[in-house]
Amino acid sequence: MTPRRRYWLMKSEPQAFSIDDLQRVGTEPWNGVRNYQARNFMRDGMRVGDGVLFYHSNTRIPGIVGTATVASPAYPDDTQFDRKSPYYDPKATREEPRWQLVDIAFERKLSRTISLDEIKQHADELGEEFALIRRGNRLSVFPVSAAQYRYLLSLE
DNA sequence: GCCAACGTTGGC
DNA sequence: GCCAACGTTGGC
């Protein structure tokens, strides 16, 4: 039996890597995640074909700008071994990698940004537990329910 | 194992 | 650029 598709939200700073960048390259290793909870979601929760809401953070109008899909199982993030990378982790070794990632494939760009501001106005429909609008939440990768995924895209 | 210091995230 | 929130580190 095919497992039910899961859904995720992934944040990226557009000046570092934007939805347009993803559209250009098609598929991208989601490197640089250095938070254990976010890593665990990628390593233990994600499966090929899962749906991803692509979110622009730390920008003039933060919000959801496109969709993508999980395109690979989790595998070690190469940047942890690279001394020249800003993501280099001296405690990680090839034998015992610490950080994992998945590949993300472009699906589509939304016709408009569904802004954080707008998302907050729909807090009731999304539920209190929706991680994006919980106070102080800084996770860059987290699960979204199928209902939340559908609802957010229905705002487009 | 506690917790102060420090670093990062990300909205504003 | 500010700063609240909060995860991580490391001394003890």
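Residues numbered from 1 in each chain as written. Chains lettered and ligands numbered in written order. Predicted model: local features only at pLDDT ≥ 70, side-chain atom pairs only at ≥ 80, totals over all residues. Heavy atoms only, no water.

## Section: the UniProt feature "domain: EVE" (unreviewed entry) in chain A
Going by this rule: UniProt positions are given in the numbering used here, feature names are shortened, and annotations may be inferred rather than shown by experiment. Put simply, DSSP marks the helices as runs of H or I at least four residues long and the strands as runs of E at least two long, and each gets a number from the N terminus on.
According to UniProt, the feature "domain: EVE" (unreviewed entry) maps to residues 6–154 in the numbering used here. Taken end to end, residues 6–154 comprises 24% helix and 30% strand; its first and last C-alpha atoms sit 18 Å apart.

## Observations concerning a negative patch on the surface
Convention followed: The residues that make up patches have over 30% relative accessible area and no salt bridge, and they are joined within 9 Å when like-charged or within 5 Å when they are Val, Leu, Ile, Met, Phe, Trp or Tyr. Shrake-Rupley sampling with a 1.4 Å probe provides the accessible areas, and residues are treated as covered by the protein chains on show and by no other component. A side-chain nitrogen of Lys or Arg and a carboxyl oxygen of Asp or Glu constitute a salt bridge if their distance falls within 4 Å. The positive count covers Lys and Arg only, the negative count covers Asp and Glu only, and His and the chain ends enter neither. Where a charge lies is defined by one atom per residue type, namely NZ (Lys), CZ (Arg), CG (Asp) and CD (Glu).
A cluster of acidic residues, Asp124, Glu125, Glu128 and Glu129, forms a negative patch at the surface. For Glu129, the location among the structural elements is in the loop between helix H4 (123–126) and strand E8 (141–144).

## Here's the deal with the environment of Gly66
Rule in force here: Each residue gets one of three labels from its accessible area relative to the maximum for its type: buried under 20%, exposed over 50%, partly exposed in between, using a 1.4 Å probe on protein chains only. Throughout, a contact is declared for two residues whenever any of their heavy atoms are within 4.5 Å.
Structurally, Gly66 is set in strand E4 (residues 63–70). A relative accessible area of 0% places Gly66 in the buried class. Residues Gly66 and Phe54, 12 residues apart in the sequence, show an inter-C-alpha distance of 5.1 Å. Non-local contacts of Gly66, meaning those with residues more than four positions away in its chain, are made with Ile19, Val52, Leu53, Phe54, Arg108, Lys109 and Leu110.

## Let's talk about helix H5 (residues 146–154)
Heads up, the rule is: By arc we mean the arc of the directions from the helix axis to the C-beta atoms, nothing more.
Burial in H5 covers these residues: Gln148, Tyr149, Leu152 and Leu153. For H5, the buried positions fall inside an angular range of 125 degrees around the axis, keeping them on one side. H5 presents Arg150 and Ser154 as exposed residues on the side facing more than 90 degrees away from its buried surface.

## Let's talk about the confidence of the model for chain A
Operational definition: Each residue carries a pLDDT score, the predictor's own confidence in it, on a scale running from 0 to 100.
Confidence in the prediction of chain A, expressed as mean pLDDT, is 93, and 99% of residues score 70 or more. Here H4 is the element of chain A with the lowest mean pLDDT, 90, and E4 is the one with the highest, 98.

## A few points about the protein's contact with DNA strand C
Our working rule: The cutoff for a nearby residue is simple: one of its non-hydrogen atoms must lie within 4 Å of the molecule or strand. Polar contacts, as used here, are pairs of N or O atoms within 3.5 Å; protein pairs need one atom able to donate a hydrogen and one able to accept it. Residues neighboring in sequence count only if both atoms are side-chain atoms.
Residues in contact with DNA strand C, as listed here, are Tyr36, Lys91, Arg135, Gly136 and Arg138. Those atoms of DNA strand C that come within 4 Å of the protein belong to sugar or phosphate at a rate of 69%. Between Arg138 and DNA strand C, the recorded distance is 2.9 Å, taken from a side-chain N or O atom to a base oxygen.

## Some remarks on the protein's contact with DNA strand B
Formally: Lys, Arg, Asp and Glu make up the charged group, whereas Ala, Val, Leu, Ile, Met, Phe, Trp, Tyr, Cys and Pro make up the nonpolar group; the residues left over, Gly among them, are polar.
Within the structure, DNA strand B sits among Lys11, Tyr55, Ser57, Asn58, Pro62, Leu116, Lys120, Arg138 and Leu139. Asn58 has a polar backbone atom sitting 2.9 Å from a phosphate oxygen of DNA strand B. Lys120 places a polar side-chain atom, nitrogen or oxygen, 2.6 Å from a phosphate oxygen of DNA strand B. Partitioned by chemical class, the residues of the surface near DNA strand B number four nonpolar, two polar and three charged.

## Concerning the packing of aromatic side chains
Stated formally: Stacked, tilted and edge-to-face are the three classes applied to pairs of Phe, Tyr and Trp rings, where Trp contributes its six-membered ring and a pair requires centres within 6.5 Å; stacked means planes under 30 degrees apart, edge-to-face means over 60, and tilted covers the rest.
Tallying each qualifying case throughout the model produces six aromatic pairs. Considering the side-chain rings of Trp8 and Phe41, the 5.8 Å spacing of their centres and the 55 degrees angle between planes classify their relative orientation as tilted. Remark: Phe41 occurs in helix H2 (residues 36–45) and Trp8 occurs in strand E1 (residues 7–12); sequence separation between them is 33 residues. Overall, Trp8 belongs to the buried group, its relative accessible area being 4%. Of the aromatic side chains, those joined through ring pairs into one cluster are Phe17, Trp30 and Phe54.

## Some points on the nonpolar core
Most often, soluble globular proteins keep nonpolar side chains buried together rather than apart. To keep things clear, this is the line we draw: Put simply, a nonpolar core is a bunch of buried Ala, Val, Leu, Ile, Met, Phe, Trp, Tyr and Cys residues held in one set by side-chain atoms that sit within 4.5 Å of each other.
Trp30, Ile64 and Ile104 are the most contacted members of the largest nonpolar core, which has 38 residues in total. When sequence neighbours within four positions are dropped, the list of residues in contact with Ile104 reads Met10, Leu22, Gly26, Thr27, Glu28, Trp30, Val52, Ala68, Thr69, Val70 and Ala71.

## Considerations on the pattern of salt bridges
Any two side chains of opposite charge can pair, given that their charged atoms come close. Tallied over the entire structure, the rule returns nine salt bridges. A salt bridge links Arg24 to Asp21, with the nearest nitrogen and oxygen atoms 2.9 Å apart. One end of the pair, Arg24, and the other, Asp21, are both in helix H1 (residues 19–25), three residues apart, so they sit about a helical turn from each other. As a salt-bridge pair, Arg34 and Asp77 come within 3.1 Å of each other at their nearest N and O atoms. Taken together, the residues Arg34 in the loop between strand E2 (27–29) and H2 and Asp77 in the loop between strand E5 (75–76) and strand E6 (100–101) connect sequence positions 43 residues apart. Arg34 gets classed as partly exposed once you look at its relative accessible area, which sits at 28%.

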